[in-house]
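# Coordinates in review
So you can see what is in the structure, the chains are spelled out below.
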Amino acid sequence: MKVGIVEKPGILKIAVRAMPKITNPDDVLVQVKRVGICGSAMHIYHGKNPFATYPRVWGHECVGEGIEAGEGADVSVGDHVVAEPITYCGECYACRQGRGNICSSVQVSGVHVDGGCQEYIVLPNKQLHKIPSDIAWEDAVLIEPFTIGAQSRLRGKVQAGDLELIYGSGTICLAALQFAKFYGSTVISTDIGEEKLSFASSTGEGYTI
């Protein structure tokens, strides 16, 4: 199968590797359908991420279809899934509080371990979330960045009727914009790029600076 590898900063290659195999009862073999190119992936390519190791298969925003599943997995063949981009132990204090993202031994796909820019990938069942099959792959691959927009709303306790300033109009900010509008707040979007501000304006009522 083909994989996309950042061999070292500034060097991106397509390589050929053997198909991965299921080795644990809760493993799932996923055929990757789409991978998002995040700003952090660009940092890895340019050698600006201090945690990245090389060579590294890039890509932490990954969606695909279940092809094979271990006997302990609840993902079935044909299920559409979005991958959670972190590997966590499930046993440390943070994990026991439901905060696997700050696990004492957390590993991030495409940074510490190989990511989703490969034709097939094996992941543990706990890192896969089933999604409706009628969601287009191009939309589904945005689910991971949209969770950051959702988290910003939850932590900021944004309520209907609030006036919210979103600093910037990149992908994450536009995701936050969608959640803010869904929950009824008025939004001021900012950016230095007219194209981004125009897109922010096209999503509904609000203000731009």
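Let me begin by describing the structure that accompanies this report. (Residues numbered from 1 in each chain as written. Predicted model: local features only at pLDDT ≥ 70, side-chain atom pairs only at ≥ 80, totals over all residues. Heavy atoms only, no water.)

So, on to helix H4 (residues 143-156). With 14 residues, H4 extends 20 Å between its outermost C-alpha atoms, agreeing within 8% with the 20 Å of an ideal straight helix rising 1.5 Å per residue. Among the residues of H4, those classed as buried are Glu 144, Pro 145, Gly 149, Ala 150 and Arg 153. Each element contacted by the buried residues of H4 is listed here: strand E5 (61-69) and helix H5 (171-182). (Helix = DSSP H or I, 4+ residues; strand = E, 2+ residues; numbered from the N terminus. Expected span 1.5 Å × (residues − 1). Buried < 20%, exposed > 50% of the residue type's maximum accessible area, 1.4 Å probe, protein only. Contact = heavy atoms within 4.5 Å.)

On to the layout of surface pockets. If you add up the space inside the largest pocket, you get close to 780 Å³. Lining of the largest pocket is provided by 23 residues; of these, Pro 85, Ile 86, Asn 101, Glu 144 and Thr 147 occupy positions nearest its centre. Secondary structure elements with two or more residues in the lining of the largest pocket: strand E6 (80-83) and H4. For the lining of the largest pocket, the residue count by class is 11 nonpolar, 7 polar and 5 charged. (1 Å grid on protein atoms, 1.4 Å probe; cavity = no way out; pocket = protein on both sides within 12 Å on 5 of 7 lines; lining within 4 Å. Points joined across faces, edges and corners; volume = space filled by probe spheres on them. Nonpolar A, V, L, I, M, F, W, Y, C, P; charged D, E, K, R; others polar.)

Pairing within the open sheet is antiparallel, and its 5 strands lie in the order E9-E3-E5-E6-E10. Lying at the two open borders of the sheet, with one neighbouring strand each, are strand E9 (120-124) and strand E10 (128-131). With strand direction ignored, the average angle separating the axes of adjacent strands in the sheet is 45 degrees. Bridge analysis of E6 against E10 gives 4 bridges, and the strand direction is antiparallel. Within E10, the position partnered with Val 82 by the bridge is His 129. (Pairing = 2+ DSSP bridges. Axes fitted to C-alpha atoms, helices over the stretch in contact; angles between N-to-C directions.)

The next subject is the environment of Met 19. Mapped onto the secondary structure, Met 19 falls in the loop between strand E2 (11-16) and strand E3 (27-36). Note on Met 19: relative accessible area 38%, which makes it partly exposed. Distance in space between the C-alpha atoms of Met 19 and Tyr 120 is 6.9 Å, their sequence separation being 101 residues. Those residues in contact with Met 19, other than ones at most four positions away along the chain, are Met 1, Leu 29 and Tyr 120.

What follows is about empty space enclosed by the protein. The final tally for this structure, using the stated rule, is 1 cavity of 30 Å³ or more. In this structure, the largest cavity occupies an estimated 60 Å³ of space. Every residue along the wall of the largest cavity is listed here: Gly 59, His 60, Cys 62, Ala 83, Glu 84, Pro 85, Ser 109, Gly 115, Gly 116, Ile 121 and Leu 123. Split by residue class, the lining of the largest cavity holds 5 nonpolar, 5 polar and 1 charged.

It is worth spelling out the sheet that holds strand E12 (residues 186-189) at this point. The parallel open sheet is built from 3 strands, whose spatial order is E11-E12-E13. Only two strands of the sheet have a single partner each, and these edge strands are strand E11 (163-166) and strand E13 (207-208). For E11 and E12, the ladder comprises 4 bridges, and the chain directions are parallel. Looking at E12, one finds that Ile 166 is bridged to Ser 189.

This part covers unusual backbone geometry. Pro 55 follows Tyr 54 through a cis peptide bond whose omega is -5 degrees. Relative to the helices and strands, Pro 55 resides in the loop between helix H1 (39-45) and strand E4 (56-57). Despite not being glycine, Lys 157 has its phi angle at roughly 55 degrees, a positive value. Residue position: Lys 157 is located in the loop between H4 and E11.

At a minimum axis separation of 8 Å, H4 and H5 run at an interaxial angle of 55 degrees. In terms of their interaxial angle, H4 and H5 are classed as oblique. Where H4 crosses over H5, the two elements pack in a sense that is right-handed. Contacts between H4 and H5 involve Pro 145, Phe 146, Ile 148, Gly 149, Ala 150, Ser 152 and Arg 153 from the former and Thr 171, Ile 172, Ala 175, Ala 176, Gln 178 and Phe 179 from the latter. Within the contact of H4 with H5, the residues separate by chemical class into 8 nonpolar, 4 polar and 1 charged. (Parallel < 35°, antiparallel > 145°, perpendicular 65-115°, else oblique. Left-handed = near helix turned anticlockwise from the far one by under 90°.)

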